[in-house]
Amino acid sequence: MKFLTGLLAAVLLIAGMGASHAVVRIADDRGGRIGTYVDRYQDLRQSGETVIIDGLCASACTIVLGAIPHDRICVTSSATLGFHAAWDFGANGRAVTNPEATQMLYSMYPSQVKRWIAQRGGLTPHMLFLRGKQLQAMYKPCYMDAQASAIRPARRTLQQPEQVESARGQLLH
């Protein structure tokens, strides 16, 4: 009986480890439509998975910072976050800053990220890059080599949004 109880406990422990150690890796994500990312990250938040930022996460991708709990995000030495104002297509087909969407985007960020952006003039059409020691001071480091040598967690890369033809009124970045 003790053997069966021990075996059942071991199976449950291993099954629980798989779910709690699942990770999503974000790398080389240039962003896209804000709504697409809000939906994607809402699902990711509910999954309980950890997010590893290991490369570029720019534009709408950065919504991850407000959507996922701080303690479930880690950054590698290769992580770079890129921030800019939200934009839309104007009447002439050119990109035009959308102040309402920019404010909505800004409001999603944690306070330390908001301060960093504000110290650099706020969200503008020009990209601001947060990386290196400044980023690592805000988020815990994740060590890819250490994780690879430990028990291999379930890992998936967040898929890039499909290319969507733009239409007037849709937020693209």
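Scroll up a little and you will see the structure.
Residues numbered from 1 in each chain as written. Predicted model: local features only at pLDDT ≥ 70, side-chain atom pairs only at ≥ 80, totals over all residues. Heavy atoms only, no water.

Glancing now at the pattern of salt bridges. Evaluation of the coordinates by the stated rule reveals 1 salt bridge. The closest approach of N and O atoms between Asp54 and Arg25, which form a salt bridge, is 3.0 Å. With Asp54 in the loop between β2 (50-53) and β3 (56-58) and Arg25 in strand β1 (residues 23-26), this residue pair connects regions lying 29 residues apart in the sequence. For Arg25, a relative accessible area of 23% puts it in the partly exposed group. (Salt bridge = Lys/Arg side-chain N within 4 Å of Asp/Glu carboxyl O. Helix = DSSP H or I, 4+ residues; strand = E, 2+ residues; numbered from the N terminus. Buried < 20%, exposed > 50% of the residue type's maximum accessible area, 1.4 Å probe, protein only.)

The subject of this paragraph is the packing of aromatic side chains. This model, assessed by the stated rule, comprises 4 aromatic pairs. When the ring of Phe83 is compared with that of Trp116, the centres are 6.0 Å apart and the planes differ by 50°; the resulting orientation is tilted. Residue Phe83 is located in strand β5 (residues 80-83), and its partner Trp116 is located in helix α5 (residues 111-118); the two are separated by 33 residues in the primary sequence. In terms of burial, Phe83 and Trp116 fall into one category: buried. Taken together, the ring pairs in this structure connect Phe83, Tyr109 and Trp116 into an aromatic cluster. (Phe/Tyr/Trp six-rings, centres within 6.5 Å; stacked < 30°, edge-to-face > 60°.)

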